[in-house]
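# Residue-level structure breakdown
Below are the chains, spelled out letter by letter.
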Amino acid sequence: IQRTPFYIEAGGQVSDAGVLRREGGGGEVVVDGLTRIGADAPRLHQVRMRSGTLHPRDLVTAEVDAETRDATRRNHTATHLLHAALREVLGSHVKQAGSLVAPDRLRFDFVHFAAVTRDEQSRIERIVNAQIVRNVPVQTDERSTAEAIAGGAVALFGEKYGERVRVVSVPGFSTELCGGTHCRATGDIGAFVIVGES
């Protein structure tokens, strides 16, 4: 499928889940995830048959699991807040080195020269939770890459960016280049707790 409402795994964020239903009934599959073979290839839906049958060229309705996407959005926006808080507490040298953004958890890999102390973890948690309580609208804009970076957007320089990029910001706190899904406001996240560091 060339066009789909399902987000495909990228940048650490897992794929959406949901269902595809044949128009008029008679067939439904569960979408467990998506994959792409090659840069310009269509998105392949990883599915399990739930009922009936589907045939090539059937018209289907695609329904993203909203609860799962919303949970993933909250965790993705939380990674942006965490990244900014890490830089504030540990120093501007801190750079993201990977992540996992799933509906039930997030993992944030970063470069730093020492283990994070319990005191530093507590400060980081307080900063992230303060941004959540502010309930600031999360802004998404499209800009030229040069303009976004000149404006202070954090970019992962191992990544390849085109002429135009998507900039996700929590005004006054965090600005990053990002193509993932995010919540509408920081307050949607709820509470943020660091449960482990290694």
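Now for a description of the structure that goes with this document. (Residues numbered from 1 in each chain as written. Predicted model: local features only at pLDDT ≥ 70, side-chain atom pairs only at ≥ 80, totals over all residues. Heavy atoms only, no water.)

A separate point is the overall build of the protein. Secondary structure summary: the protein contains three helices and nine strands in total. For the protein, the α and β elements follow one another from N to C terminus as β-β-β-β-α-β-β-α-β-α-β-β. Counting only C-alpha atoms and orienting by the principal axes, one finds that the protein spans roughly 55 × 35 × 30 Å. Split into buried and exposed, the 198 residues of the protein put 41% on the buried side. Of all intrachain contacts in the protein linking residues separated by at least 6 positions in sequence, the fraction that spans at least 24 positions is 59%. Between the centroid of the 24 positive side chains of the protein and the centroid of its 25 negative side chains there is a distance of 2 Å. (Helix = DSSP H or I, 4+ residues; strand = E, 2+ residues; numbered from the N terminus. Buried < 20%, exposed > 50% of the residue type's maximum accessible area, 1.4 Å probe, protein only. Contact = heavy atoms within 4.5 Å. Lys, Arg positive; Asp, Glu negative; His and termini not counted. Charge placed at Lys NZ, Arg CZ, Asp CG, Glu CD.)

Turning next to the environment of leucine 20. As for its placement among the helices and strands, leucine 20 is situated in strand E1 (residues 18-22). For leucine 20, a relative accessible area of 8% gives the class buried. Along the chain, leucine 20 and threonine 61 lie 41 residues apart, while their C-alpha atoms are 5.6 Å from each other. Setting aside residues up to four positions removed in sequence, leucine 20 forms contacts with Phe6, Gly27, Glu28, Val29, Val31, His45, Val60, Thr61 and Ala62.

Glancing now at the sheet that holds strand E9 (residues 174-177). Spatially, the three strands line up as an open sheet ordered E7-E8-E9, and their pairing is antiparallel. Whereas interior strands pair on both sides, the edge strands pair on one side only; in this sheet they are strand E7 (139-144) and E9. The mean angle between the axes of side-by-side strands here comes to 25°, regardless of whether they run parallel or antiparallel. Sitting on the sheet, helix H1 (residues 66-90) is in contact with strand E8 (164-170) and E9, with an inclination near 115° to E9. (Pairing = 2+ DSSP bridges. Axes fitted to C-alpha atoms, helices over the stretch in contact; angles between N-to-C directions.)

Turning our eyes to something else, we now look at unusual backbone geometry. One non-glycine residue with positive phi stands out, namely arginine 57, at about 75°. By the element assignment, arginine 57 lies in the loop between strand E3 (43-52) and strand E4 (60-64).

Mapping threonine 186 onto the fold places it in the segment after E9. With a relative accessible area of 0%, threonine 186 lands in the buried category. Polar side-chain contacts of threonine 186 include one of 2.7 Å to the backbone oxygen of glutamine 131. (Polar contact = N/O pair within 3.5 Å; in protein donor to acceptor, adjacent residues only side chain to side chain.)

The next thing to look at is the state of the cysteines. The final tally for this structure, using the stated rule, is zero disulfides. We note that cysteine 178 lacks a disulfide partner, and the nearest cysteine sulfur, in cysteine 183, lies 12 Å from it. On the basis of relative accessible area, cysteine 178 is assigned to the buried category, the value being 13%. The exposure class assigned to cysteine 183 is buried, which follows from its relative accessible area of 7%. (Disulfide = S-S within 2.5 Å.)

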